[in-house]
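These are the residues of each chain, in order.
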Amino acid sequence: MKDASPSPSGTTARPPRPAVTRGSGAALSVRLPGLAVRLSGVAVRLPGLALAVGVALAATALGRLVPVVGAPVSGIVLGVLVAVAVRPGDRMRPGIAFAGRGVLQAAVVILGAQLSLGQVLRVGAGSLPVMIVTLAFCLASAYWIGRRLGVVRDLRTLIGVGTGICGASAIAAVTPVIGAAEAEVAYAVSTIFVFNIAAVLTFPVLGHLLGMGQHAFGLFAGTAVNDMSSVVAAATTYGGPAADYAVVVKLARTLLIIPICLGLAALARRRARTDDAPAGAGAGAAGSGRSLPGPVRVGRLVPWFLTGFLALAAANTAGLVPSAAHGTLGTLAVFLITVALSAIGLSTEPSRLRRTGPAPLLLGGCLWLVVSATSLALQFLTRYL
């Protein structure tokens, strides 16, 4: 074999690389780095996701033994017990977080395959008066009760929209709009979480005591429970028709975050214009963990799983989803919900709940009772109950 000949610059020239045809190794070499990043992300999530699935399998078996409780409620209870006893470490957190959010959203999308667009529009329109009045009572109570409890303005706003609309999702959407501090967001989410669990455990029992039908309980859960995971858990425990109805009501209720965010953005800008504080106050606010109010992007306020839910409902309406597959899809959705709620239980941090203090928890409890009572009263007055 001959040595490579010197190059004009005096260095040794490299042997020519073998030619690579388009679409083979060249494309593969470009795609491999991105693929490796995605695979590493999957690998990071696997331990926590596997733990959530394991708890969900145990919860499913327990739910079959005690059908009144059901798998979703068993999942969140077992998850909390595991979290308190074992305290999953940092290695588990990415997978647990993914299971608690991404898996739940996938379950909601799958639920859409069992409904038609006609049902979605009919349920959404029929429940709109109850949703709007319930939200109005919740926000008014958050302002009035929160001031008397000494809860600061932004924190009572976060707890109010979280209780009245869609839990942590509403809190996340409102935070940049009003410029809430990180500590306030943590307090609000922790408070909402406490009453999510309370709703899952008590609402099905209350529904049976009141003799509520499937649709009546679905409307109650969809309007009175704040977080999608808890809505699905409570309604699934009550029955399949209640779950289908509650999901549609909750998704319609989620859209109320758009006008609420737009209204809060207008209020925040008006306060900023009329604020007589010195110019340096903004820097102090930022240093304390408080961000300045940002612009509202309406497109980002609509969650992707709502779009997916409507797309599958449209596909089912068009006959693209075989009726024979509805049972399998329903079983899959319930198991995914159980996985998600198991993960939510696993993410419980008792120390974080203790740090919230009594006032925000008391406000959250009062708003939870106000929303529940208002929803039931409206159903009774409209003879829906």
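This paragraph deals with the overall build of the chain. Within the chain, the regular secondary structure consists of 16 helices and zero strands. Across the 385 residues that make up the chain, the buried fraction comes to 46%. A separation of at least 24 residues holds for 83% of the contacts in the chain among residues at least 6 apart in sequence. Of the accessible surface of the chain, which amounts to about 19600 Å², a share of 68% is contributed by carbon and sulfur atoms.

Grouped together as the largest cluster of nonpolar side chains are 93 residues, with contacts concentrated most on Ile165, Val174, Phe203, Phe217 and Phe309. In terms of residue count, the dominant contributor to this core is helix H5 (residues 153–178) (11 residues).

Another point: unusual backbone geometry. As a rule of thumb, non-glycine residues mostly have phi less than zero, and peptide bonds are mostly trans rather than cis. Non-glycine residue arginine 87 carries a positive phi angle of around 55°. Secondary-structure assignment places arginine 87 in the loop between helix H2 (70–86) and helix H3 (93–111).

Looking at the secondary structure, you find lysine 250 in helix H9 (residues 240–254). Looking at lysine 250, the relative accessible area reads 0%, which means it is buried. From its side chain, lysine 250 meets the backbone oxygen of isoleucine 165 in a polar contact 3.1 Å long. Apart from the residues lying within four places of it in its own chain, the contact partners of lysine 250 are Ile165, Cys166, Gly222, Val225, Asn226, Asp227, Met228 and Val231.

Taken N-terminus to C-terminus, the directions of helix H7 (residues 214–224) and H9 make an angle of 35°; their axes are 7 Å apart at the nearest point. For the pair H7 and H9, the sense of crossing is right-handed. Here Gln214, His215, Phe217, Gly218, Leu219, Ala221, Gly222, Thr223 and Ala224 of H7 lie close against H9, whose contacting residues are Gly240, Pro241, Ala242, Tyr245, Ala246, Val249, Lys250 and Arg253. Split by residue class, the contact of H7 with H9 holds nine nonpolar, six polar and two charged.

Time to look at the environment of alanine 56. Structurally, alanine 56 is set in helix H1 (residues 25–65). You can call alanine 56 buried: its relative accessible area is 0%. Placed 284 residues apart in sequence, alanine 56 and alanine 340 show a C-alpha to C-alpha distance of 8.3 Å. Filtering out sequence-adjacent residues up to four positions away, alanine 56 remains in contact with Phe335, Thr338, Val339 and Ser342.

Now for the packing of H3 against helix H14 (residues 326–346). Two elements in contact, H3 and H14, have axes separated by 8 Å at closest approach and are oriented at 155°. By the angle between their directions, the pair H3 and H14 is classed as roughly antiparallel. In this structure, H3 crosses over H14, and the sense of that crossing is left-handed. Along its contact with H3, which presents Ile96, Ala99, Gly100, Val103, Leu104, Ala107, Ile110 and Leu111, the element H14 presents Leu329, Leu332, Ala333, Leu336, Ile337, Val339, Ala340, Ala343, Ile344 and Leu346. Counted by class, the contact of H3 with H14 contains 17 nonpolar, one polar and no charged residues.

Basis of the calculations
Residues numbered from 1 in each chain as written. Predicted model: local features only at pLDDT ≥ 70, side-chain atom pairs only at ≥ 80, totals over all residues. Heavy atoms only, no water. Helix = DSSP H or I, 4+ residues; strand = E, 2+ residues; numbered from the N terminus. Buried < 20%, exposed > 50% of the residue type's maximum accessible area, 1.4 Å probe, protein only. Contact = heavy atoms within 4.5 Å. Areas by Shrake-Rupley, 256 points an atom, 1.4 Å probe, with all protein chains shown as cover. Core = buried A, V, L, I, M, F, W, Y, C linked by side-chain atoms within 4.5 Å. Polar contact = N/O pair within 3.5 Å; in protein donor to acceptor, adjacent residues only side chain to side chain. Axes fitted to C-alpha atoms, helices over the stretch in contact; angles between N-to-C directions. Left-handed = near helix turned anticlockwise from the far one by under 90°. Nonpolar A, V, L, I, M, F, W, Y, C, P; charged D, E, K, R; others polar. Parallel < 35°, antiparallel > 145°, perpendicular 65-115°, else oblique.

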